[in-house]
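What follows is the residue order along each chain.
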Amino acid sequence: MSNPLLLNEQFPKYDQIKAEHFVPATEAVIEEAQKIINEIKNVEGTRTHTNTILASNKLSELMDEVITPMSQLYSLMGTPEIMQAFAVVQDKLTVFYNETSMDPEYYKAFKEFNETEEAKNLTGEKKRNLDEVMKGFRLAGADLAENEKEELKKINLELSQISMKYQNNLVNSKFDMIIEKIEDLKDFPQDVINAALAKYRQTTGNSDEKWMFNLDFPSLIPFMKYSVNEEQKRTLWLKNVTKATEGDLDNRPLMVKILKLRQKKAELLGFKTYADYSLEKKMAESPEVVMNFLTDISDKLVPISDQEYNDLKDYIGKETGTRPDEVMPWNNSYWSNKLQEDKYSYNSNEVREYFEVNNSLEGLFTICKSIFGLTFKKEEGIPVWHKDVTVYSIWDEINELRSYVYIDLYPRSGLKRAGAWMSGLRSGKNDENGKVIPVVGVHCNFTEPVGDMPALLTYDELQTLFHEFGHALHGALSKTELSSTSGTNVAWDTVELPSSFMENFVRNEKSLKLLTKHYKTGEPMPESLMKKLLDSNEFQKAMFVKRQITFGMFDLTLHHIEAPKGTDVDSHAVFEQTHKRFNVGPYRNESHFEAGFAHIFAGGYAAGYYSYMWANILEADAFSYFEENDDILSREKGRLFMENILEKGNSEDMNILFEKFRGRPVSNKPLLKRFGLKV
């Protein structure tokens, strides 16, 4: 069989790869990788950086070249056949990585190199990378006794299988709501109505005037925001917060197993809790430090968040004649939107007309040109996985090709996973084996264009686009020597620095002016409307932060407090307690948010969801530098951020890199000021 995954070309043949190619390609690349491992283990003569470290990097690069396209298709075009094939791939990979990371002869090769004079004289990026490699072996169980290694291998395999089952259950948990009366959609944007009509007709094959909404964010969020029908809102809300809780798709038993296995893994590796193990690879010192940080911020925000919540209840009382004691979660989005529009005197539908998706991308590119000196060129003829995907090359101001970026912005119900994310498709490097140009992807779930109506972004979606593009720039602009230190391969609680930093350009007048363009007239947003929009950035900020703290504390409580007790963890009860302690608004027992919290149960954020808040310290301080002297679009400051943060990956400690950029150590004062707290 001719296998497009094994062609070793610059760009994968995404238009030719099928599920049937997955397993044979995996078996072939594992066989090739094993040859490299044997070469490393059987080096004759002196061990060197080249024959040990660079050789192992070559192994990783080879694996990524074949496996990454499969992972992309699993996340973006997840047909049942692809899901089934990728599950087999994951099992094979888990076994392979288990065997490799715990192979005593392979580990011995690196220990031998670590004792050489060359290793002891390494400096900078190479020294840091070697330290990370040796730590990686220890955290993978290389120092364990043989019986403990076998136990850890079983745990890793089971965790991989259960986590994938958790994610697949979420993707397969579907619900469609059909609206038969147009009056139920009276306040909806026209493009949302058009999309719901098209979805109904495409799904049912009928030409009736009916509208379908589901649990995809571009469908769910506007429905909750604009619907006047409380019964329908409650139904859709309940279906969303009870995803993956029924029948064969029930994630709740899986969560119990995942937490037990993670705790057992941590103990095998010599850690008291999985959170202790997780933070061994992060910037924060300990779970206690993080929990104290989150609790302190939450407590300081109480007066502000309470006032925001009371303002919302007062507004509902004014509009309906009855002030509620609590705002039900299915009503929160609707009334918050109404209050925001009333308070700042603008209509969110009107705002969207200035953020047509292609215009917004061009504005994003213009800002990147201003501060980073980058130019984006649309490429034709590069294979993609779907017709909606576009590819751009990125060039710097000396006309050097820096990277390629795939942009995939619209949902594919039942195929593409929810949310928004960046993917590193190929790591950059410039070692003695040659230079490699990075390739990255930006993936979102925005409302797609229908008929003559283009895709119009909400203000929140615009911020999401900038957030994910910040991640993409981190990978795309990497100029490290080694592939293993490039791009987003940084401590997990610093990875959100570039992404959160880029969001700030949507919240500043000078940069926002480069983004607004009416999709019909081409006119910029009126200054009066822009001022109202920017003022609204402060709206319910404390409530949002409290919500993020709730998620972070829930995550750490599971992995640091509850799981070590040795009994089955009731995640539902833990979330209830955490919500009541840190969040604003009522807790509803019928909600099972935890069954859909893929970040920590099927993603890389286990005992690390706090990273969003932790990175906010860094990005708030970073952007405050641009705010000095209203220098938002400063090329010189952009150069400093690019050279010291975006290009450096994990070649140096982030504390050192940040001080080089900022001229001083990081300060939490800009973040506290942003939250409205006294410094």
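Residues numbered from 1 in each chain as written. Predicted model: local features only at pLDDT ≥ 70, side-chain atom pairs only at ≥ 80, totals over all residues. Heavy atoms only, no water.

Asker: Before we go on, may I ask you to explain the overall build of the protein chain in this structure?
Answerer: A tally of regular secondary structure across the protein chain gives 27 helices and nine strands. The C-alpha atoms of the protein chain give 25 Å as radius of gyration, which agrees with the globular expectation for 679 residues (26 Å, within 12%). In terms of principal-axis extent, the alpha carbons of the protein chain reach across some 85 × 60 × 60 Å. Put simply, the protein chain shows about 28600 Å² of open surface, and 47% of that area lies on carbon and sulfur atoms. Of the side-chain charges in the protein chain, 83 are positive and 105 negative, and the distance between the mean point of each set is 2 Å. (Helix = DSSP H or I, 4+ residues; strand = E, 2+ residues; numbered from the N terminus. Rg over C-alpha atoms; globule rule 2.2 N^0.38 Å. Areas by Shrake-Rupley, 256 points an atom, 1.4 Å probe, with all protein chains shown as cover. Lys, Arg positive; Asp, Glu negative; His and termini not counted. Charge placed at Lys NZ, Arg CZ, Asp CG, Glu CD.)

Asker: In this structure, what is going on with the side chain of Asn644? I would like to understand it.
Answerer: Take Asn644: it is sitting in helix H25 (residues 635-646). On the basis of relative accessible area, Asn644 is assigned to the buried category, the value being 11%. A polar atom in the side chain of Asn644 sits 2.9 Å from the backbone oxygen of Leu640. Every residue in contact with Asn644, bar those within four places of it in the chain, is listed here: Leu657, Lys660 and Phe661. (Buried < 20%, exposed > 50% of the residue type's maximum accessible area, 1.4 Å probe, protein only. Polar contact = N/O pair within 3.5 Å; in protein donor to acceptor, adjacent residues only side chain to side chain. Contact = heavy atoms within 4.5 Å.)

Asker: Just to check I follow, could you spell out the layout of surface pockets for this structure?
Answerer: Any empty space left between the atoms is revealed when a probe the size of a water molecule rolls over them. For the second largest pocket, the calculated volume is near 210 Å³. Lining of the second largest pocket is provided by Val357, Asn358, Leu361, Lys378, Lys387, Asp388, Thr390, Tyr392, Ile407, Leu409 and Tyr410. Counting residues per element, the ones that place at least two in the lining of the second largest pocket are helix H16 (357-372) and strand S4 (390-395). Looking at which element gives the most residues to the lining of the second largest pocket, the answer is H16, with three residues. Tallied by class, the residues present in the lining of the second largest pocket amount to six nonpolar, two polar and three charged. (1 Å grid on protein atoms, 1.4 Å probe; cavity = no way out; pocket = protein on both sides within 12 Å on 5 of 7 lines; lining within 4 Å. Points joined across faces, edges and corners; volume = space filled by probe spheres on them. Nonpolar A, V, L, I, M, F, W, Y, C, P; charged D, E, K, R; others polar.)

Asker: Explanation requested: helix H21 (residues 541-562) in the structure shown.
Answerer: Each α-helix winds once per 3.6 residues, and so residues spaced three or four apart point in a common direction. Between its first and last C-alpha atoms H21 spans 30 Å; for 22 residues at 1.5 Å apiece the expected length is 32 Å, and the two agree. The largest bend in H21 comes to about 30°, at Leu556. (Expected span 1.5 Å × (residues − 1). Bend = angle between axes of the 7 residues up to and from the residue.)

Asker: Whenever I open this one, the packing of helix H13 (residues 287-320) against H21 confuses me. Can you help?
Answerer: For any two helices packed against each other, the geometry is given by the interaxial angle and the distance between the axes. Viewed as axis vectors pointing N to C, H13 and H21 meet at an angle of 150°, and their least axial separation amounts to 9 Å. Put simply, H13 runs roughly antiparallel to H21. Of the two elements, H13 crosses H21, and the hand of that crossing is left-handed. Its residues assigned to classes, the contact of H13 with H21 shows 16 nonpolar, six polar and four charged. (Axes fitted to C-alpha atoms, helices over the stretch in contact; angles between N-to-C directions. Parallel < 35°, antiparallel > 145°, perpendicular 65-115°, else oblique. Left-handed = near helix turned anticlockwise from the far one by under 90°.)

Asker: I would appreciate a short explanation of the side chain of Ser500 in the present structure.
Answerer: Its place among the elements puts Ser500 in helix H18 (residues 497-503). Its relative accessible area of 5% is what places Ser500 among the buried residues. If sequence neighbours within four positions are ignored, Ser500 has contacts with His467, Asn616 and Glu619.

Asker: Explain the pattern of salt bridges here, please?
Answerer: Where charged atoms from two side chains of opposite charge approach closely, those side chains can pair. Tallied over the full model, the rule gives 48 salt bridges. Taking the shortest distance from any N to any O, the salt bridge between Asp388 and Lys387 comes out at 3.3 Å. Classification of Asp388 as partly exposed rests on a relative accessible area of 26%. A salt bridge links Arg664 to Asp621; its shortest N-O distance comes to 2.6 Å. Of this pair, Arg664 sits in the loop between helix H26 (654-662) and helix H27 (669-674) while Asp621 is found in helix H24 (residues 611-627), placing the two residues 43 residues apart along the sequence. Taking relative accessible area as the criterion, Arg664 reaches 28% and is therefore assigned partly exposed. (Salt bridge = Lys/Arg side-chain N within 4 Å of Asp/Glu carboxyl O.)

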